[in-house]
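The chain contents come next:
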Amino acid sequence: MHSKNSLLTKVPSLGLPALLLATLAFFAILMPGRFLSASTFESMAFQMPELGLLTLAMFLPFVSAGFNLAIIVTANLCSLLMAWMWVTFIPVDAGIALQLVWLVVALASGFVVATVIGTGIGAMVAYAGVHPTLTTLGVMTLIKGIGIAVTGGRPIRGMPPVIQYIGNGTVLGVPMPLIVFLLAAAFTALLLGKTQLGKNVYMAGSNINATYYSGVDTHKVLIAIYIYSSLMCVVAGLVMTARFNSANMGYGDSYLLLTVLAIIMGGADPNGGFGKVWGAVLALLVLQVISTGLNLYGVSPHISLAMWGIVLIFTLAIKYCNRRWYMPWAQRRQAINT
């Protein structure tokens, strides 16, 4: 017999494949011979990983009933650090081996900075008891101010070929950013589904006090959650820098709403404790199809952005209806059947 919470998350998740097929069919009919093309799907495969990686950065905090408003600025700050190292220490005529060495060194440096940021956020939430939204809002403001002060708001341009390949190259016809995203999604899914930390994340999201009294060190769990979130931001920053051939504190500002939208559409409970990575991935596909279709049809980006807000409100309304009407009905049916 399904639990109450599994019933709550089951319906929206089951509807995503149908929604994906419906959106594909809608735009195929609206733009015959134009939307369903190899170039369109290739474009989506290059664009989606940026948002996808940031969604993974938001996923663990969200499942733990928290929030990380600092994912965008963390990605941008780390990408600025990595970009500065690449343009400063890699000669123009450097070989592949030297470029790869500096790729690893810069990534390691980004991971160090991200770990410091994640530890700070986690410690504030776990030990000081500050709400995650307020904590990450303060960190977001601090990091953005530091990044703009250091760079003067100017981008760092001119990445070496190896870095550009990560954002624009392909392997057997598959875009490199998509490969990076799928590997990160698979790792996150395994972390949540197959490790003790993953189980603790879900338990903390369901009831952090009960989790604490069951013997779990919830302070360490919360710190680990925000460290992982920040580390995923580094990967997102790498892909964005490679795609745009530059780094800037202003990149990706509009992605914050979309990460939350994708997670909720994917079946996660806004109150924490439930959610699957692959549900969020499927929701990202739906959002990318809608975004690409509207763009091809010539709809203003501002109207597209407004639509995300409408979709988020609609999704939350569906969840409310599930909780208010579907849940009692399903429980009555289960009681009759048993």
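Peer 1: When you look at helix α10 (residues 218-244) in this model, what are you seeing that I'm missing?
Peer 2: Each turn of an α-helix holds 3.6 residues, which means side chains three or four residues apart point in the same direction. Taking 1.5 Å per residue, 27 residues should reach 39 Å; α10 reaches 39 Å between its end C-alpha atoms and fits that length. In terms of residue burial, α10 counts as a mostly covered element, since 21 of its 27 residues are buried. Asn 245 sits one or two residues past α10 and shows a positive phi near 60°.

Peer 1: Any chance you could explain the nonpolar core here in plain terms?
Peer 2: Where a protein is soluble and globular, its nonpolar side chains tend to be buried together. Counting 99 residues, the largest nonpolar core has Leu 53, Trp 86 and Phe 181 as the members making the most contacts within it. Take this core: its biggest share by element is 14 residues, from α10. With residues up to four places along the chain from it excluded, the contact list for Leu 53 reads Val 180, Phe 181, Ala 184, Met 232, Val 235, Ala 236 and Val 239.

Peer 1: Explain the side chain of Thr 23 here, please?
Peer 2: Within the secondary structure layout, Thr 23 lies in helix α1 (residues 4-30). Take Thr 23: its relative accessible area is 10%, and that puts it in the buried class. Within the structure, the side chain of Thr 23 is placed 2.8 Å from the backbone oxygen of Leu 20, a separation counted as a polar contact. Look past the residues within four positions of Thr 23 in its chain and what remains in contact with it is Val 286, Val 289 and Ile 290.

Peer 1: Whenever I open this one, the pattern of salt bridges confuses me. Can you help?
Peer 2: Two side chains with opposite charge may pair up if their charged atoms get near one another. If you walk through the whole model with that rule in mind, you get two salt bridges. A salt bridge links Asp 253 to Lys 144; the shortest N-O distance between them is 3.9 Å. With a gap of 109 residues between them, Asp 253 in the loop between β4 (246-247) and α11 (255-265) and Lys 144 in helix α5 (residues 132-151) connect regions that are remote in the sequence. According to the relative accessible area criterion, Asp 253 is partly exposed, its value standing at 43%.

Peer 1: Before we go on, may I ask you to explain the environment of Gly 122 in this structure?
Peer 2: Secondary-structure assignment places Gly 122 in helix α4 (residues 96-126). For Gly 122, a relative accessible area of 0% translates into the label buried. Taking the C-alpha atoms as reference, Gly 122 lies 22 Å from Tyr 255; in sequence the two are 133 residues apart. Other than its neighbours up to four places away in sequence, Gly 122 contacts Tyr 127, Leu 222, Ile 223 and Tyr 226.

Peer 1: Help me understand the side chain of Thr 241, please; the structure alone is not making it clear to me.
Peer 2: In this structure, Thr 241 sits in helix α10. From its side chain, Thr 241 meets the backbone oxygen of Gly 237 in a polar contact 2.8 Å long. Setting aside chain neighbours within four positions, we find Thr 241 in contact with Ser 79, Ala 83, Trp 86, Met 159, Ser 246 and Ala 247.

Peer 1: Please explain the layout of surface pockets as it appears in this structure.
Peer 2: Unfilled space is identified by rolling a water-sized probe across the atoms. Approximately 630 Å³ is the volume attributed to the largest pocket. Around the largest pocket sit 26 residues that line it, and Gln 47, Tyr 255, Leu 258, Ser 291 and Trp 308 are the ones nearest its centre. Looking at the lining of the largest pocket, the elements that each hand over two or more residues are α2 (38-63), α10, α11, α12 (277-296) and α13 (301-337). Counting residues per element, the lining of the largest pocket draws most heavily on α12, which supplies eight residues. Of the residues that constitute the lining of the largest pocket, the class distribution is 13 nonpolar, 11 polar and two charged.

Peer 1: So what exactly am I meant to see when it comes to α12 here?
Peer 2: Across its 20 residues, α12 extends 29 Å between first and last C-alpha, which sits within 8% of the 28 Å expected from 1.5 Å per residue. Once α12 ends, the next one or two residues include Gly 298, with phi positive near 90°.

So, how was this worked out
- Residues numbered from 1 in each chain as written.
- Predicted model: local features only at pLDDT ≥ 70, side-chain atom pairs only at ≥ 80, totals over all residues.
- Heavy atoms only, no water.
- Helix = DSSP H or I, 4+ residues; strand = E, 2+ residues; numbered from the N terminus.
- Expected span 1.5 Å × (residues − 1).
- Buried < 20%, exposed > 50% of the residue type's maximum accessible area, 1.4 Å probe, protein only.
- Core = buried A, V, L, I, M, F, W, Y, C linked by side-chain atoms within 4.5 Å.
- Contact = heavy atoms within 4.5 Å.
- Polar contact = N/O pair within 3.5 Å; in protein donor to acceptor, adjacent residues only side chain to side chain.
- Salt bridge = Lys/Arg side-chain N within 4 Å of Asp/Glu carboxyl O.
- 1 Å grid on protein atoms, 1.4 Å probe; cavity = no way out; pocket = protein on both sides within 12 Å on 5 of 7 lines; lining within 4 Å.
- Points joined across faces, edges and corners; volume = space filled by probe spheres on them.
- Nonpolar A, V, L, I, M, F, W, Y, C, P; charged D, E, K, R; others polar.

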